[in-house]
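Tertiary structure, described
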Amino acid sequence: MDGVLNPRDAGRFISENSKDVSIEDAGVQKVANMIYEKSKTGEFNMKMWRNHELNPQTMDEDAVNWVFVSAVLNFSFWSEKESDRYAVKYKDKIHTGYWSLCAAMNRALDEALKITTASFYSTITMDQMKHIFRSDSDTKMPMLEERQMALVEAGGVLMKKYEGSFANVVKQSDKSAQSLLRLILEDFPSFRDVAEFGGKRVGLYKRAQILVGDVWGCCEGQGLGEFTDINTITMFADYRIPQALVYFGALKYSENLMDTLKKCQVLKSGDRLEVEIRGVSLWACELIRDSIAAKLSAETSKENGHQDKAEVAQVNAILVDHYLWDLRREMADEMSHIPFHRCRGIYY
Ligand SMILES: Nc1nc2c(c(CN[C@H]3C=C[C@H](O)[C@@H]3O)cn2[C@@H]2O[C@H](COP(=O)(O)O)[C@@H](O)[C@H]2O)c(=O)[nH]1
């Protein structure tokens, strides 16, 4: 978007001007080493995406349209008390947070409700939303009205401009992640995750970038998921990665900020503290990614280039992000003493 810093430049600018959030190099190196060691096991690659049982297991247009709807709705799952969260039971398992969204989507599809078909969700009613996203706990899905509006808006654009399929937006991007990102921001307003900081407009684009990243992951970098510049996508600035970065000592909050978060104070979308947490987290992940790349290329030269060049390119910010996001879930108890920032908004 014109006059808006792209996520990488935004992250650097916010980090250089941040007052309450700072990066600790020792923690950056610690996380980089963890991921570097993991990458040598051969399990650390984009195939991790499919390992999640609720994600689509095909790589076709239906899967890409599923990914699109999940990205349109991928925001604000937190509840006042972590103990009573919105939950969805699907195939005898209870899912909360982001996975509750996926579970509700798959439950709807099993009930022959076409939640991933633009002609259906572009005119979805509140009654249909309430049924599809009904809770299996005492807590309702947060921001249901905003989610309905986001679906109607996104579905309307797909019907008007792209014959009802997000695959046509992908095809128009001509295998460029940055072109796809630009098309998403131009045509789908709910993805325009932009804030004011230090006199500049900063684009963090969390849902727009995770949409590109999930198309890449879902199709394992082939066919609709083939992007020549996928490594230019940054981490996705949500409210969970900062928690993990603070836990591992890569990010440090001021006492004032830590106190604010521990009181579960809700931050307004665009607040300086909120933008600092998101922007400095993004920049920390860029540094982690750079550190891993340096280790991999050092290893490559040591082994006289036997290392598969493609593998070196593969440890990108998307995989750094997914590693930390998945780890935060696995270590939810260990990390629970690190407060996450609460912001009610449609961007993440
Ligand atoms: N940075 C980042 N943020 C992510 C994701 C995902 C889902 N990605 C999965 C799907 C395929 C990949 O392999 C990932 O495993 C959701 N979120 C955000 O998290 C928050 C909810 O968190 P929790 O309370 O724990 O469910 C909320 O802001 C949501 O928007 C990610 O990957 N990265």
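In this convention, every chain numbers its residues from 1, walking through the sequence in written order. Local features are withheld for residues below a pLDDT of 70 in this predicted model, meaning they are given only at 70 or higher, and side-chain atom pairs are given and counted only at 80 or more; totals for whole chains, interfaces and linings count all residues. Excluding hydrogens and water, the side-chain values take into account all heavy atoms of the structure.

Worth spelling out the cut-off: UniProt positions are given in the numbering used here, feature names are shortened, and annotations may be inferred rather than shown by experiment.
As annotated in an unreviewed UniProt entry, the protein carries the name Queuosine 5'-phosphate N-glycosylase/hydrolase and comes from Elysia chlorotica. In its Catalytic activity (unreviewed entry) section, the UniProt record describing the protein reads: "queuosine 5'-phosphate + H2O = queuine + D-ribose 5-phosphate". UniProt lists a comment for the protein under the heading Function (unreviewed entry), and it reads "Catalyzes the hydrolysis of queuosine 5'-phosphate, releasing the nucleobase queuine (q). Is required for salvage of queuine from exogenous queuosine (Q) that is imported and then converted to queuosine 5'-phosphate intracellularly."

A short note on the packing of aromatic side chains
Cut-off, in case you're wondering: Pairing of aromatic side chains requires ring centres within 6.5 Å, counting the rings of Phe and Tyr and the six-membered ring of Trp. Pairs whose planes differ by under 30 degrees are stacked, by over 60 edge-to-face, and all others tilted. Runs of E in the DSSP output that reach at least two residues are strands. Runs of H or I that reach at least four are helices, and both are numbered from the N terminus. When accessible area is computed with a 1.4 Å probe and restricted to protein chains, residues below 20% of their type maximum are described as buried, those above 50% as exposed, and intermediate ones as partly exposed. Whether a charge sits over a ring depends on NZ of Lys or CZ of Arg being within 6 Å of the ring centre and within 35 degrees of the ring normal.
The tally for this structure, following the rule as stated, stands at 13 aromatic pairs. Centre to centre, the rings of Phe68 and Phe191 are 6.3 Å apart; their planes meet at 20°, and the pair counts as stacked. Note that Phe68 is positioned in helix α3 (residues 61-72) and Phe191 in the loop between α9 (177-187) and β5 (194-197), a separation of 123 residues in sequence. With a relative accessible area of 1%, Phe191 lands in the buried category. Aromatic side chains Tyr247 and Phe248 sit 5.0 Å apart centroid to centroid with 85° between the ring planes, which places their arrangement in the edge-to-face category. Taking the relative accessible area as the measure of exposure, Phe248 reaches 9% and is therefore buried. Among the aromatic residues, ring-to-ring pairing joins Phe68, Tyr162, Phe166, Phe188 and Phe191 into one connected group. Against the face of Phe13 rests Lys200, its NZ or CZ located 5.4 Å from the ring centre.

Quick notes on the sheet that holds strand β6 (residues 200-203)
Selection criterion: Here, any two strands with at least 2 DSSP bridges between them count as paired. The contact definition used throughout considers only heavy atoms, calling two residues in contact when any of these lie within 4.5 Å. Interaxial angles span 0 to 180 degrees and are taken between N-to-C directions of axes, which are lines fitted to C-alpha atoms, for helices over the stretch in contact.
In space, the three strands of this open sheet follow the order β1-β6-β5, with mixed pairing throughout. Of all the strands in the sheet, the pair left with one neighbour each is β1 (4-5) and β5. Against the sheet, helix α1 (residues 7-17) engages β1, β5 and β6, with an angle of about 125° to β6.

Side note on the site of the ligand
We apply this condition: Nearness is judged by heavy atoms alone; a residue qualifies as near a molecule or strand once a single heavy atom is within 4 Å of it. In the analysis that follows, any N or O atom pair within 3.5 Å is treated as a polar contact, provided that within protein one partner can donate a hydrogen and the other can accept it, and provided that, for residues neighboring in sequence, both atoms belong to side chains. Surface accessibility in these figures is a Shrake-Rupley result with a 1.4 Å probe; residues are shielded only by whichever protein chains are displayed. Throughout, the protein atoms alone are placed on a 1 Å grid, and a set of points is a cavity if a 1.4 Å probe fits but cannot get out or a pocket if it is open with protein on both sides within 12 Å along at least five of seven lines; lining residues have an atom within 4 Å of a point. Here the criterion for a molecule occupying a pocket or cavity is that more than half of its atoms lie within 2 Å of the pocket grid points.
Around the ligand, the surrounding shell holds 23 residues, and the nearest of these are Asn74, Tyr98, Lys206, Asp321 and Arg329. Within the side chain of His322, one N or O atom sits 3.0 Å away from an oxygen atom of the ligand. The side chain of Trp325 places a nitrogen or oxygen atom 2.9 Å from an oxygen atom of the ligand. Protein contact buries 100% of the 670 Å² of open area that the ligand shows by itself. Assessed atom by atom at 2 Å from the grid points, the ligand resides in the largest cavity. Listing elements by their share of the shell around the ligand, those giving two or more residues are α4 (98-110), α10 (206-218) and α15 (317-330). No other element matches α15, which puts six residues into the shell around the ligand.

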